[in-house]
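Here is how the chains run, residue by residue.
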Amino acid sequence: MSKKITRRDFIGKSALGAGLIGINIDNEGEIDFRTSSKLLDKGVPKRRLGKTNKMISSIGFGGSGSRFSTWVPTESDAQYLLEYAIKLGINYFDSSNMYNYKTEKRYGRYLTPKYRDKIVLCAKTDIRTYDGVMIEIEKSLKHMKTDYIDIYLMMAVDKVKEVETLAGPAGGYKAYRKLKDEGVIKHIGCSFHIWNAASQKLINEFDEIEVALCPINASRSGGNEDKFLPVAKQKDIGVIGIKSTGQNRLIGNVTGADLCRYALSMPITAVDVGVDGYTTLEYCAHIANEPPLKPAQMREIERRLAFDPKKVSLPYYQGDGLS
């Protein structure tokens, strides 16, 4: 590997690029990733994903958001990032049917043909009807060049009406159950933003949910950290945290690194990171190898963050409603 980037690029281009420990810097002030052999030897630690009993990397490759699908400009860059994630020991890769299926198609070109038996592949759809889910999963299977998906999620279920549609006579939940019975999907999951009436109904009424994606961060603003995690533990649902930096809105008094460490110190399986470049992957892998923060250290991050919803507007959550 011959790629070098400058310290300025590293800190400026990555939301997590402050306070890195363990990366080698040469005499010209450049970060040299070729000498990170200790990190490659260790790899990203794995944790149990709830009742699925799958062991997944504590850093997930977040391909479903806009960063990997739109911020990573070229196909060669995308291929390089996927290959390097594998080398770092990352085995959880997620996608969705958003952003013109670009991530799914990239997975189909560069990931699944070589590594399908080594990875846990997650896909999701915001379609709520039976027929719609069936159409969408066929597209995902075709794009990603696979005949099964490890985890298929009901995505961004934040309103009670959506849960009612999913559970209805022509609802999508029947499709999920049928697909699982047929082996097309191995595990059923969901994602939501806040612990509200909709997410509570979803988790309590859909017994086959084994995995949940939701924001987990130091703002503790949506109820997921204090109210959902105890429920997830009781039901043995594997939790994957998203939006650990609040889509970068929480960075300021605390660093992106602080926020990533905080999320990884919560009782969850993994932090799903939006991959915008090489530095994000490298840095998060380092953080994953650090010991969890102690409670007092987590409280200190909360103190320094001093989150005030009246002053900081999180893009995915606006007070008593969703953006």
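What you see is a predicted model; the values in this text were computed from it and never measured.

Undergrad: Describe the sheet that holds strand E9 (residues 185-191), listing the residues and the values that go with them.
TA: Taken in spatial order, the eight strands line up as E5-E6-E7-E8-E9-E10-E11-E12 and close into a barrel, and their pairing is parallel. The average angle at which neighbouring strand axes cross in this sheet is 30°, direction not considered. Where strand E5 (residues 59-62) and strand E6 (residues 92-94) come together, two bridges link them in parallel fashion. Considered in E6, the bridge of Gly62 is made with Asp94.

Undergrad: Could you give an account of the pairing of strand E7 (residues 120-125), with specific residues and numbers?
TA: Consecutive side chains of a regular strand alternate in pointing toward one face of the sheet and then the other. The buried fraction of E7 amounts to six of the six residues, a majority that puts the element mostly inside the structure. The alternating pattern of E7 places Val120, Cys122 and Lys124 on one face and Leu121, Ala123 and Thr125 on the opposite face, and all of these are buried. Where E6 and E7 come together, three bridges link them in parallel fashion. What sits directly across from Phe93, in E7, is Leu121. Sheet analysis places E7 next to strand E8 (residues 149-154), joined by four bridges and oriented parallel. Looking at E8, one finds that Cys122 is bridged to Ile151. Remark: the E7/helix H7 (residues 130-144)/E8 crossover connection has right-handed handedness.

Undergrad: Can you tell me about the environment of Thr125, naming the residues and giving the values?
TA: Note on placement: Thr125 falls in strand E7. You can call Thr125 buried: its relative accessible area is 0%. With 30 residues separating them along the chain, Thr125 and Ser95 place their C-alpha atoms 9.3 Å apart. With sequence-adjacent residues up to four places away left out, Thr125 is seen in contact with Asn97, Val133, Glu136, Tyr152, Leu153, Met154, Met155 and Tyr176. For Thr125, the side chain forms a polar contact with the main-chain nitrogen of Ile127, separated by 3.1 Å.

Undergrad: Could you give me a rundown of the pattern of salt bridges, with the residues and numbers involved?
TA: If the charged atoms of two oppositely charged side chains come close together, the side chains can form a pair. Evaluated as defined, the whole model comprises 22 salt bridges. Between Lys114 and Glu83 there is a salt bridge, with its nearest N and O atoms 3.0 Å apart. A residue pair is termed long-range when its members are at least 10 positions apart, and Lys114 in helix H6 (residues 112-115) and Glu83 in helix H4 (residues 75-87) qualify at 31 residues. Between Arg220 and Asp226 there is a salt bridge, with its nearest N and O atoms 2.5 Å apart. Residue Arg220 is classed as partly exposed on the basis of its relative accessible area of 23%. Judged by relative accessible area, which is 47%, Asp226 ranks as partly exposed.

Undergrad: If you had to explain the confidence of the model for the chain to someone new, which residues and values would you point to?
TA: Predicted confidence across the chain gives a mean pLDDT of 88, with 87% of residues reaching 70 or more. With pLDDT under 50 throughout, residues 1-14 is counted as low confidence; its partners more than four residues away or in other chains account for 34 contacts. In this model, residues 319-323 is a region of pLDDT below 50 whose contacts with residues beyond four sequence positions or in other chains number nine contacts.

Undergrad: Residues and numbers for H4, please.
TA: Taking 1.5 Å of rise per residue, the 13 residues of H4 would be expected to cover 18 Å, and the 19 Å separating its terminal C-alpha atoms lies within 8% of that figure. Buried within H4 we find Ala78, Leu81, Leu82, Glu83, Tyr84, Ala85 and Ile86. Directly after H4, the chain includes Gly89, whose backbone phi takes a positive value near 95°.

Undergrad: How would you summarise the nonpolar core if you had to cite specific residues and measurements?
TA: One broad rule of soluble globular proteins: the nonpolar side chains tend to lie buried together. Counting 86 residues, the largest nonpolar core has Phe61, Phe93, Met154 and Phe228 as the members making the most contacts within it. Look past the residues within four positions of Phe93 in its chain and what remains in contact with it is Phe61, Leu82, Ala85, Ile86, Tyr107, Leu111, Ile119, Val120, Leu121 and Cys122. Counting 12 residues, the second-largest nonpolar core is a separate cluster that includes Leu49, Ile56, Cys122 and Ile242.

Undergrad: Now, about the side chain of Asp276: what can you tell me, with residues and values included?
TA: The topology assignment puts Asp276 in the loop between strand E12 (270-274) and helix H13 (278-288). The side chain of Asp276 sits in the buried core without any salt bridge; Arg67 is the nearest counter-charge, 4.1 Å away. Looking at Asp276, its side chain comes within polar contact range of the side chain of Thr280, at 2.4 Å.

Undergrad: Tell me about unusual backbone geometry, and name the residues and values.
TA: In most cases, non-glycine residues show a negative phi, while peptide bonds are predominantly trans. Phi at Arg220 takes a positive value of approximately 50°, unusual for a residue other than glycine. Within the fold, Arg220 resides in the loop between strand E10 (209-215) and helix H11 (224-235).

Undergrad: Account for the packing of helix H12 (residues 256-264) against H13, naming residues and giving values.
TA: In contact at an axis separation of 10 Å, H12 and H13 are set at 45° when each is read in the N-to-C sense. The orientation of H12 with respect to H13, classified from their angle, is oblique. When you trace H12 past H13, the crossing you get is right-handed. Each of Ala257, Cys260, Arg261 and Leu264 in H12 lies in contact with H13, whose residues at this interface are Tyr283, Cys284, Ile287 and Ala288. The residue makeup of the contact of H12 with H13, split by class, is seven nonpolar, no polar and one charged.

Criteria and cut-off values
- Residues numbered from 1 in each chain as written.
- Predicted model: local features only at pLDDT ≥ 70, side-chain atom pairs only at ≥ 80, totals over all residues.
- Heavy atoms only, no water.
- Pairing = 2+ DSSP bridges.
- Helix = DSSP H or I, 4+ residues; strand = E, 2+ residues; numbered from the N terminus.
- Axes fitted to C-alpha atoms, helices over the stretch in contact; angles between N-to-C directions.
- Buried < 20%, exposed > 50% of the residue type's maximum accessible area, 1.4 Å probe, protein only.
- Right-handed = clockwise from strand over helix to strand, strands pointing away.
- Contact = heavy atoms within 4.5 Å.
- Polar contact = N/O pair within 3.5 Å; in protein donor to acceptor, adjacent residues only side chain to side chain.
- Salt bridge = Lys/Arg side-chain N within 4 Å of Asp/Glu carboxyl O.
- pLDDT = per-residue confidence, 0-100.
- Expected span 1.5 Å × (residues − 1).
- Core = buried A, V, L, I, M, F, W, Y, C linked by side-chain atoms within 4.5 Å.
- Lys, Arg positive; Asp, Glu negative; His and termini not counted.
- Parallel < 35°, antiparallel > 145°, perpendicular 65-115°, else oblique.
- Left-handed = near helix turned anticlockwise from the far one by under 90°.
- Nonpolar A, V, L, I, M, F, W, Y, C, P; charged D, E, K, R; others polar.

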